[in-house]
Amino acid sequence: MDRTVYFSKVSLNSEDVYNLVEDYELRFEITRNILSMIRHEYEFSEINTYFTEEGEKREETVSYAISIKEKNDESIHGVLDRKAIVFIKERDQLTGEMRNKPVENTEDIEFYYDVLHEYIAYISRRRFKNKMFNDAFSKMLNLCAKENNFEYSFYVETFNSGMTIEEMQNLIKSDSEIKELTITYRPANPDQAIIDAAQEGMEKERLKESNATERSIIYRAKGKSKINGGAKIIQDDLNNLVEMNKGMPILDMTQRGYIVVTSINGTGDVKTTADAKPFVKRTNNMYGFVETAKKGITDILKKVNKFD
């Protein structure tokens, strides 16, 4: 059966991102620490808020567990399970009406994490999609870091084809259902291809001076009103991303998830520019996932090393 393999970029969101620019060898120490802190059968949970079809706000507890199939000096091959309550339709035998019945459901995602190069390959599920996996994986990394007394903070975003400012502007303009809009900028995690440009980035230096590792601009609409994505103030904020990152192409910044525009509609559905044009590989061999994952990451590294 043909399966789609997605890829995500794991990035630092702590002060180490600045130290990496001056001390590139630090990445090998971070790699060793990540490999040591992620352990087999690690479990964690979170409480999520969602809206029913009737618009009712509810909370659910979601549990996660990681199983490690193989680990070496640079990578981890494993499975991340997600256990949650889902509601299925069932006809009430007494009334004859359809009702929602809660059922415990477990979805599993096989992944290959190239820790050294900071990329994950995975196959998403119908009820365990890309953003959910990215959020869960970053939560797992941050919990493991905290429990092992490492002062790291991570985030995970889908690796994609990248977007220009114009594409982001048009995407927001065309969406008339936005209730909340967030423009997020994070300093680039330097690799050999972009380290010089990272040193040139204006916003990176300003954030470093403030001891911050993330900057967000948030627009919210109250009541029945919706965000006007074509408003000049919003379009100007997007244009400012170019000025903030002179020497670093916006395509590369959006491709790796350093710049992300996130929109939320009235029912809580989330869209991000990071998930708009994902980079994928396909495999029709159920035993060839790791090989496909490695090939995809190699292709990504070739792409990002063409940074100019």
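Residues numbered from 1 in each chain as written. Predicted model: local features only at pLDDT ≥ 70, side-chain atom pairs only at ≥ 80, totals over all residues. Heavy atoms only, no water.

Caption draft 1: Structural detail: the confidence of the model for the chain. When the pLDDT values of the chain are averaged, the result is 85; 86% of them are 70 or greater. Ranking the elements of the chain by mean pLDDT puts helix 5 (residues 195-200) last, at 49, and strand 6 (residues 119-122) first, at 97. (pLDDT = per-residue confidence, 0-100. Helix = DSSP H or I, 4+ residues; strand = E, 2+ residues; numbered from the N terminus.)

Caption draft 2: Highlighting the sheet that holds strand 8 (residues 178-185). Strand order in this open sheet of four strands is 9-8-10-11, and the pairing throughout is antiparallel. Unpaired on one side and paired on the other, strand 9 (215-220) and strand 11 (270-272) mark the two borders of the sheet. Sheet twist, expressed as the average angle between the axes of neighbouring strands with direction ignored, equals 15°. As paired strands, strand 8 and strand 9 are joined by six bridges and run antiparallel to one another. Considered in strand 9, the bridge of Leu 181 is made with Tyr 219. (Pairing = 2+ DSSP bridges. Axes fitted to C-alpha atoms, helices over the stretch in contact; angles between N-to-C directions.)

Caption draft 3: Structural view of empty space enclosed by the protein. Overall, the coordinates contain one cavity of 30 Å³ or more when judged by the stated rule. Quantified by volume, the largest cavity comes out at close to 100 Å³. Lining the largest cavity are 14 residues; nearest its centre among them are Ile 30, Ile 34, Val 115, Glu 118 and Phe 154. Every element with two or more residues in the lining of the largest cavity is listed here: strand 1 (3-12) and helix 2 (26-37). Across the lining of the largest cavity, the residue classes tally to nine nonpolar, three polar and two charged. (1 Å grid on protein atoms, 1.4 Å probe; cavity = no way out; pocket = protein on both sides within 12 Å on 5 of 7 lines; lining within 4 Å. Points joined across faces, edges and corners; volume = space filled by probe spheres on them. Nonpolar A, V, L, I, M, F, W, Y, C, P; charged D, E, K, R; others polar.)

Caption draft 4: Seen up close, the layout of surface pockets. For the second largest pocket, the calculated volume is near 320 Å³. Along the wall of the second largest pocket there are 18 residues; nearest its centre are Lys 131, Asp 135, Glu 157, Arg 186 and Thr 262. Taken together, the elements giving at least two residues each to the lining of the second largest pocket come down to helix 3 (130-147), strand 7 (154-158), strand 8, strand 10 (259-265) and strand 11. No other element matches helix 3, which puts four residues into the lining of the second largest pocket. Broken down by class, the residue content of the lining of the second largest pocket amounts to five nonpolar, seven polar and six charged.

Caption draft 5: Region of interest: the pattern of salt bridges. On inspection of all chains with the given rule, the structure shows 17 salt bridges. Note that Glu 147 is salt-bridged to Arg 39, the shortest N-O span being 4.0 Å. Here Glu 147 is found in helix 3, whereas its partner Arg 39 is found in the loop between helix 2 and strand 2 (42-51), with 108 residues between them in sequence. For Glu 147, a relative accessible area of 46% gives the class partly exposed. Among the charged side chains, a salt-bridge network with shared partners connects Glu 90, Asp 92 and Arg 99. (Salt bridge = Lys/Arg side-chain N within 4 Å of Asp/Glu carboxyl O. Buried < 20%, exposed > 50% of the residue type's maximum accessible area, 1.4 Å probe, protein only.)

Caption draft 6: Seen up close, helix 2. With twelve residues, helix 2 should reach 16 Å at 1.5 Å per residue; the first-to-last C-alpha distance of 17 Å fits that figure. The set of residues buried in helix 2 consists of Leu 26, Arg 27, Ile 30, Thr 31, Asn 33, Ile 34, Leu 35 and Met 37. (Expected span 1.5 Å × (residues − 1).)

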